[in-house]
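As a plain string of letters, each chain reads:
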Amino acid sequence: MADHTGKRGSKRAVKRIDTSSIKTTTLLSFVIFALFLVMILWGLSNFYLNSFYERARSQEVMRTAETLESQFRQDRYNFGPLALQTAASNDLYIRIDTAEDNFIFDGTREVQGSDAFENDVNRIKEKLASSASGNVSETRRDNSGMGSRLVYASYITASGVDNILCIIAPLYPDQVTIRILRDMLIYVSFIVLIVSLLLAFALSVRLTSPIEKLTRSAQELSKGNHDVYFDGAGFTETKELAKALNKASYEMEKTDFYQREIIANVSHDLKTPLTMIRSYAEKIIDITGDNPEKRNADLNVIISETEHLNRLVTDMLSVSNLQSNNIELRMETFDLVEAARSVYESFLALATSEGFEIHFHPCKPAYVVGDRTRMTQVMTNFVSNAVKYSGDNKYIEIRLSKTSKKVTFHCIDHGMGIPSDEIGHVWDKYYRTSANHERGIEGTGLGLAIVKGILNLHGAKYGVESEEGKGSDFWFEMETVRKPSAEDTEKKDG
Ligand code: ADP
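Rules used throughout
Residues numbered from 1 in each chain as written. Predicted model: local features only at pLDDT ≥ 70, side-chain atom pairs only at ≥ 80, totals over all residues. Heavy atoms only, no water. Core = buried A, V, L, I, M, F, W, Y, C linked by side-chain atoms within 4.5 Å. Buried < 20%, exposed > 50% of the residue type's maximum accessible area, 1.4 Å probe, protein only. Domains from an automatic or database assignment. Helix = DSSP H or I, 4+ residues; strand = E, 2+ residues; numbered from the N terminus. Contact = heavy atoms within 4.5 Å. Pairing = 2+ DSSP bridges. Axes fitted to C-alpha atoms, helices over the stretch in contact; angles between N-to-C directions. Polar contact = N/O pair within 3.5 Å; in protein donor to acceptor, adjacent residues only side chain to side chain. Parallel < 35°, antiparallel > 145°, perpendicular 65-115°, else oblique. Left-handed = near helix turned anticlockwise from the far one by under 90°. pLDDT = per-residue confidence, 0-100. Salt bridge = Lys/Arg side-chain N within 4 Å of Asp/Glu carboxyl O. Patch = residues over 30% accessible without salt bridge, like charges linked within 9 Å, V, L, I, M, F, W, Y side chains within 5 Å. Areas by Shrake-Rupley, 256 points an atom, 1.4 Å probe, with all protein chains shown as cover. Arc of directions from axis to C-beta. Expected span 1.5 Å × (residues − 1).

S.K.: So, the nonpolar core: which residues are in play, and what are the values?
M.R.: Core analysis: the biggest nonpolar cluster contains 49 residues, and Leu336, Phe382, Leu400, Phe409 and Phe476 have the highest contact counts within it. A domain split of this core shows at least three residues from each of domain 2 (259-323) and domain 3 (331-484). Grouped together as the second largest cluster of nonpolar side chains are 18 residues, Ala65, Leu68, Ala87 and Ala169 included.

S.K.: Can you tell me about the environment of threonine 480, naming the residues and giving the values?
M.R.: Within the secondary structure layout, threonine 480 lies in the loop between β13 (471-479) and α13 (486-493). Taking the C-alpha atoms as reference points, threonine 480 and serine 404, 76 residues apart in sequence, are found 8.0 Å from one another. In this view, threonine 480 contacts Ala366, Tyr367, Val368, Lys402, Ser404, Lys405, Lys406 and Val407; residues no more than four positions away in its chain are not counted.

S.K.: Just give me the short version of the sheet that holds strand β11 (residues 406-413), but keep the residues and values in it.
M.R.: Read across the sheet, 5 strands follow the order β8-β10-β11-β13-β12 without closing on themselves; strand pairing throughout is mixed. Of all strands in the sheet, those with a lone pairing partner are β8 (357-361) and β12 (461-467), marking the two edges. The mean angle between the axes of side-by-side strands here comes to 10 degrees, regardless of whether they run parallel or antiparallel. Strand direction decides the pairing type here: β12 and β13, joined by 7 bridges, are antiparallel. The residue of β13 that forms the bridge with tyrosine 462 is phenylalanine 476. Against the sheet, helix α8 (residues 336-346) engages β8, β10 (395-402), β11 and β13, with an angle of about 170 degrees to β8.

S.K.: Kindly report on the pairing of strand β2 (residues 102-105), identifying the contributing residues and their values.
M.R.: Bridge count for strand β1 (residues 93-97) against β2 is 4 bridges, and the pairing is antiparallel. Residue pairing across strands places aspartate 97 opposite asparagine 102, the latter belonging to β2.

S.K.: Help me get a handle on the side chain of serine 196, residues and values and all.
M.R.: Along the polypeptide, serine 196 turns up in helix α5 (residues 175-222). Here the side chain of serine 196 touches leucine 193 through a polar contact of 3.0 Å, landing on its backbone oxygen. Contact partners of serine 196, with chain neighbours within four places excluded, come to Phe30 and Ala34.

S.K.: How would you summarise the packing of α8 against helix α10 (residues 372-388) if you had to cite specific residues and measurements?
M.R.: Packed helix pairs are characterised by how far apart their axes lie and by the angle those axes make with each other. Contact pair α8 / α10: the axes reach a minimum separation of 9 Å and the direction vectors enclose 50 degrees. With respect to α10, the axis of α8 lies oblique. In the crossing of α8 with α10, the sense of the turn from one axis to the other is right-handed. Of the residues in α10, those touching α8 at Leu336, Ala339, Ala340 and Val343 are Arg372, Thr376, Met379, Thr380 and Val383.

S.K.: Account for the environment of methionine 276, naming residues and giving values.
M.R.: Secondary-structure assignment places methionine 276 in helix α6 (residues 236-286). The spacing of methionine 276 and isoleucine 302 is 26 residues in sequence and 7.2 Å in space, taken between C-alpha atoms. Those residues in contact with methionine 276 that lie beyond four places of it in its chain are Val301 and Glu305.

S.K.: Help me get a handle on the environment of alanine 386, residues and values and all.
M.R.: The topology assignment puts alanine 386 in helix α10. For alanine 386, a relative accessible area of 2% corresponds to the buried category. Along the primary structure alanine 386 and isoleucine 412 are separated by 26 residues, whereas in three dimensions their C-alpha atoms are 7.2 Å apart. If near-sequence neighbours (up to four positions away) are discounted, alanine 386 is found in contact with Ile396, Cys411 and Asp413.

S.K.: Describe the confidence of the model for the chain, naming the residues involved and giving the relevant values.
M.R.: Taken residue by residue, the chain gives an average pLDDT of 84. The fraction at 70 or more is 89%. Of all the helices and strands in the chain, helix α1 (residues 2-16) carries the lowest mean pLDDT, 47, while β11 carries the highest, 97.

S.K.: Could you give an account of unusual backbone geometry, with specific residues and numbers?
M.R.: Phi is positive for aspartate 91, close to 50 degrees, though the residue is something other than glycine. Within the secondary structure, aspartate 91 sits in the loop between α3 (79-90) and β1.

S.K.: So what's going on with the pattern of salt bridges? Which residues, and what values?
M.R.: Using the criterion set out here, one finds 15 salt bridges in the structure. The shortest N-O distance in the salt bridge between arginine 149 and aspartate 120 comes to 2.4 Å. With arginine 149 in strand β5 (residues 149-158) and aspartate 120 in helix α4 (residues 118-130), this residue pair connects regions lying 29 residues apart in the sequence. Of the charged contacts in the structure, one is a salt bridge between glutamate 138 and arginine 123, with a shortest N-O distance of 3.7 Å. In this pair, glutamate 138 is assigned in strand β4 (residues 135-140) and arginine 123 in helix α4, connecting sequence segments 15 residues apart. A residue is classified by how much of its surface remains accessible, and glutamate 138, at 13% relative accessible area, is buried.

S.K.: For a nonpolar patch on the surface, give the residues involved together with the corresponding values.
M.R.: Residues Phe36, Ile40, Leu44, Phe47, Tyr48 and Phe52 make up a contiguous nonpolar surface patch of roughly 630 Å² in combined accessible area. Inspection of the secondary structure puts isoleucine 40 in helix α2 (residues 22-74). Judged by relative accessible area, which is 38%, isoleucine 40 ranks as partly exposed.

S.K.: Which residues make up α8, and what values do they have?
M.R.: For α8, the complete set of buried residues consists of Leu336, Val337, Ala339, Ala340, Val343 and Tyr344. Viewed end-on, α8 has its buried residues packed into an arc of 160 degrees, placing them on one side of the element. Near the N-terminus of α8, the side chain that reaches the backbone nitrogen of valine 337, with its oxygen 3.0 Å away, is that of aspartate 335.

S.K.: Pulling in residues and values, what's your account of helix α7 (residues 292-323)?
M.R.: End to end, α7 covers 46 Å across 32 residues, agreeing with the expected 46 Å (1.5 Å per residue, within 8%). Those residues of α7 that sit buried are Asp298, Ile302, Glu305, His308, Leu309, Leu312, Met316, Ser318, Val319 and Leu322. Backbone geometry just after α7 places asparagine 325 at a positive phi near 60 degrees.

Shown next as structure tokens:
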């Protein structure tokens, strides 16, 4: 039993270490960096300490030699105290051989004659004698118990006489120094490791805390809570991410709202004619069935409602076909101005009966390549919307303008216009602005979605400029082509 729980506990512990998390990665990187640093320090101290020391010592010997040489030249009688002091403070053996005598300064005293370094001195003097330059040096590593040392010699020519300066410097740091250095290195290694662990921990907490906050908010959002606020405080990148997420959350909330609206509207649009059909059918059974006149009137209502339903369902199918690209265009070259004129003429009867004032401003013929029927549907939808949403101002303009390569169609009304925060949605399927719901204007919210699908298939640019209460200008623009020649038309017909 104990074993069983133990296993589960260890499993959980293993699970908690996520090697791809920012925390673990930062921690590991810092530990690896610290270990690398410590290894370099240890490597340098073990393998290069001696050569560093040797180089530093030989530079020091050269500098000392220069000072001593110039002192000797300037004032040879005061050379002794300087040499003695230099030997003592730098742990050096200094010897000067003049024509008459030799003087040895070994750090504690000044002596004359020979001593333990006599061999070294003789060897370097020979080397100096055979060398062309004024100074020589060599490193002596022997097992005589004296340890390795740097031996230096140079001529000091004063008053035409060659004197010889010899300096011997013990080369390796003594064991105490080495031990102190090692101890220091151990402390430094510990400090580096602990500091990097602390730094890594602090950094990973600082890095992950805004991300964790964002994740928590995103989880809330995924549960459908749109009131969450994304807070990316800390870093510019997380702030940017939070800003983008806040925007996405706002858009999602809006889409959610519109989707609910759409379902409500579509169900309403479908339900109204169905209720009418049902109630009129019942009326015929119960009341008007025997009265041919009343029965026909009721049947006409039923027919008109089924037509409405039919239109709605046809539009729905068109939109879904357009969206899935399941539509075949019958491309031809035609004059868009001519097609626009036929649309205008089809509305003339309505204009007269309903009191609309529709003005047509054509431009020169403008040939485009497209599906004439579908493009006619686009223009018809624009004009019928202008009629539907023009309110009391029944003045509508259909305007065409042409440049060398493009033709633009405008349908301008002076009606209710579109609120600026809704203008981006009018091309969405089933979308109807809030105002026309209040006014109970009939519609499916599919007309402009169909227009958008057709214009996209034609690669045309389109848009709307509108101001609430002032009216709207729906437009599209197509590339023009050369007028087809009679030959082209014949070929096509043939
Ligand atoms: P509908 O069947 O509702 O007219 P559309 O897709 O043709 O559907 O239009 C979508 C919505 O865009 C309309 O419900 C209306 O709110 C708005 N709209 C379209 N044309 C105009 C216009 N000329 N003036 C004002 N609002 C318009």
